[in-house]
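# Working through the structure, step by step
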Amino acid sequence: MTTLLTTSDVANIVARYGPRKVFTDLLDYVLADFLRWQEFDKCARVASHSPSGVIELMPAADSELYSFKFVNGHPDNPQAGLSTVMAFGALAQVSTGEPLLISELTLTTALRTAVTSALAARALARPDSRSMALIGNGAQAEFQALAFHYVLGIDVLHVYDVDAQATRKLQANLAAVAPALRVVAFNGTAQAVKGVDIVTTVTADKAYATILTADMVEPGMHINALGGDCPGKTELHADVLRRGTVFVEYEPQTRIEGDLQQMPADSPVTELWRVLTGQVAGRQRADDVTIFDSVGFALEDFSALRWLRDSAARLGIGARIEVAPQLQDPKNLFDVVRAAADVKAAPGQP
């Protein structure tokens with residue numbers, strides 16, 4: 001039997017744990033898998049692009065577990081009452097192919113994206129960082145803010161979005177769950193990023209956008225660029241990338257999808273796992289500019305699905321469903337059809 005987790009189930013896990021435990025525990029799962037990077041089968045995600053957006057499949061596997069995520073990105077979806085990003089996924093046993101877990105991954109993607117950002121910043125930002133600018137205040141924003149608050153101790157948040165209602169939504173949500181986090185709204189990106197330790201960009205337009213320019217970058221900043229995550233979609237001016245040291249999740253994927261798509265094929269980058277395992281240094285001086293060009297990678301979903309599986313079992317959340325047939329004779333699949341026909345033919349059945 002397979003465990004099924006709906007969005008309500010995952011929200012229940014978050015509510016039962018509380019945000020601090022969610023972000024710190026999930027970060028531990030993501031970190032543990034990055035530390036054994038070489039054990040995974042990895043590939044860039046398979047993308048199907050259209051004028052309105054993209055649909056992607058994201059697989060990852062080690063010797064025991066296989067995972068995949070189906071995810072879309074359609075910036076105009078809110079006008080139709082739909083989320084810009086929607087996702088679901090599965091975790092299966094490698095030795096048998098048995099599906100162990102099927103789960104929503106829309107809420108979970110926001111959680112894992114936030115903890116990956118915080119994990120990278122913990123390795124790359126100045127250790128005394130306490131302030132962050134959050135440019136783009138949509139569906140991802142609260143999760144980014146809370147992850148940085150609980151993992152890095154960020155206590156001052158500068159916020160800006162072209163949609164003022166999105167900013168008001170963010171302020172109200174954060175005031176309710178994290179009153180110790182001081183949130184200050186600004187009327188533009190340049191004003192919001194001035195003087196902060198970390199800048200996080202998480203905008204949704206599928207366009208070659210320029211959210212952050214080199215003149216806005218100050219010595220010692222860490223830049224966490226999330227919104228440039230498919231071909232033709234960027235947030236950073238190319239001069240920003242030239243200004244600092246660039247770190248990525250999986251280089252073959254980021255070259256195609258990240259802000260890095262603007263740069264020559266031989267422009268230097270470092271994969272984050274090498275910093276986390278101590279193979280290379282991240283930040284070397286306090287005035288270094290570090291850039292995490294994050295596009296989201298399937299390994300993070302693998303980690304999140306493991307966390308969901310364990311959390312659901314621990315808390316008794318989720319339904320048990322028959323995805324793979326439960327057969328007395330594994331070679332007699334047709335018996336499922338015969339059994340259904342026998343039920344239909346039984347007296348009193350329509």
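Residues numbered from 1 in each chain as written. Predicted model: local features only at pLDDT ≥ 70, side-chain atom pairs only at ≥ 80, totals over all residues. Heavy atoms only, no water.

All right, on to the overall build of the protein chain then. Scanning the protein chain from terminus to terminus reveals 11 helices and 17 strands. For the protein chain, the spread of C-alpha atoms along the principal axes amounts to about 80 × 40 × 40 Å. Buried positions account for 52% of the 350 residues belonging to the protein chain. Within the protein chain, residue pairs in contact and separated by at least 24 positions form 72% of the contacts whose partners lie at least 6 positions apart. When the accessible surface of the protein chain is summed, it comes to about 15,800 Å², and 55% of that surface belongs to carbon and sulfur atoms. Positive and negative side-chain charges in the protein chain, numbering 30 and 40 respectively, have mean positions lying 3 Å apart. (Helix = DSSP H or I, 4+ residues; strand = E, 2+ residues; numbered from the N terminus. Buried < 20%, exposed > 50% of the residue type's maximum accessible area, 1.4 Å probe, protein only. Contact = heavy atoms within 4.5 Å. Areas by Shrake-Rupley, 256 points an atom, 1.4 Å probe, with all protein chains shown as cover. Lys, Arg positive; Asp, Glu negative; His and termini not counted. Charge placed at Lys NZ, Arg CZ, Asp CG, Glu CD.)

Attention now goes to the packing of aromatic side chains. Applying the stated criterion to the full structure yields eight aromatic pairs. On the numbers, 6.3 Å between centres and 50 degrees between planes, the contact of Trp37 with Tyr250 is tilted. Remark: Tyr250 occurs in the loop between strand S14 (245-248) and helix H8 (251-257) and Trp37 occurs in the loop between helix H2 (19-34) and strand S2 (46-50); sequence separation between them is 213 residues. There is no split in this pair, since Trp37 and Tyr250 are both buried. Ring geometry for Trp37 and Trp273: centres 6.1 Å apart, planes at 5 degrees, overall stacked. In this pair, Trp37 is assigned in the loop between H2 and S2 and Trp273 in helix H9 (residues 272-276), connecting sequence segments 236 residues apart. The two residues Trp37 and Trp273 agree in class, both being buried. Through pairs of rings, three or more aromatic residues link up here, namely Phe34, Trp37, Tyr250, Trp273 and Phe297. In this structure, Lys21 packs its charged tip against the face of Tyr17, placed 5.0 Å from the ring centre. (Phe/Tyr/Trp six-rings, centres within 6.5 Å; stacked < 30°, edge-to-face > 60°. Lys NZ or Arg CZ within 6 Å of the ring centre and 35° of its normal.)

In spatial order, the strands read S2-S3-S4-S5-S6-S1-S17; together these seven strands make up an open sheet with mixed pairing. Across the chains shown, the open sheet's two edge strands, defined by having one partner strand only, are S2 and strand S17 (319-321). Neighbouring strand axes in the sheet, compared pairwise and without regard to direction, differ in orientation by 15 degrees on average. Pairing between strand S1 (residues 2-5) and strand S6 (residues 99-104): three bridges, direction parallel. What sits directly across from Leu5, in S6, is Ser103. The sheet contacts of helix H1 (residues 7-17) involve S1 and S6, and relative to S1 the element is tilted by about 80 degrees. Contacts from helix H10 (residues 298-315) reach S1, strand S3 (53-61), strand S4 (65-73), strand S5 (87-93) and S6, with the element oriented near 110 degrees to S4. (Pairing = 2+ DSSP bridges. Axes fitted to C-alpha atoms, helices over the stretch in contact; angles between N-to-C directions.)

In the structure shown here, the tally under the stated rule is 19 salt bridges. Here Arg36 makes a salt bridge to Asp33, at a shortest N to O gap of 2.9 Å. Of the charged contacts, one joins Asp310 and Arg309 as a salt bridge, the two residues approaching to 2.9 Å between their closest N and O atoms. Judged by its relative accessible area of 27%, Arg309 is partly exposed. Three or more residues are tied together by salt bridges with common partners; here these are Asp33, Arg36, Glu39, Asp62 and Arg306. (Salt bridge = Lys/Arg side-chain N within 4 Å of Asp/Glu carboxyl O.)

The next subject is helix H3 (residues 106-124). The end-to-end C-alpha distance of H3, which contains 19 residues, comes to 27 Å, matching closely the 27 Å that a straight helix rising 1.5 Å per residue would cover. Most of H3 sits out of view: 16 of its 19 residues are buried. (Expected span 1.5 Å × (residues − 1).)

Glancing now at the environment of Thr200. For Thr200, the location among the structural elements is in strand S10 (residues 198-201). Residues Thr200 and Ala47 lie 153 residues apart in sequence; the distance between their C-alpha atoms is 25 Å. At a separation of 3.1 Å, a polar atom in the side chain of Thr200 contacts the side chain of Asn224. (Polar contact = N/O pair within 3.5 Å; in protein donor to acceptor, adjacent residues only side chain to side chain.)

Moving on: the nonpolar core. Counting residues in each nonpolar core, the largest one holds 72 residues, and the members touching the most others are Phe23, Trp307 and Leu308. Among residues more than four places away in sequence, those in contact with Phe23 are Leu111, Ala114, Val115, Phe143, Leu146, Ala147 and Tyr150. (Core = buried A, V, L, I, M, F, W, Y, C linked by side-chain atoms within 4.5 Å.)

With that settled, consider the state of the cysteines. Taken as a whole and judged by the stated rule, the model has zero disulfides. Free cysteine: Cys43, not disulfide-bonded; nearest cysteine sulfur from Cys230 at 17 Å. Classification of Cys43 as partly exposed rests on a relative accessible area of 33%. (Disulfide = S-S within 2.5 Å.)

Further remarks concern the pairing of strand S8 (residues 156-160). Among the five residues of S8, five are classified as buried, and the element is accordingly described as predominantly covered. Side-chain alternation along S8 places Val156, His158 and Tyr160 on one buried face and Leu157 and Val159 on a second face that is also buried. Examined bridge by bridge, strand S7 (residues 131-135) and S8 share five bridges and lie parallel to one another. In the strand pairing of S8, Ile135 is matched with Tyr160. Considered for its hand, the β-α-β crossover made up of S7, helix H4 (residues 141-152) and S8 is right-handed. As paired elements, S8 and strand S9 (residues 182-185) share four bridges and run parallel to each other. (Right-handed = clockwise from strand over helix to strand, strands pointing away.)

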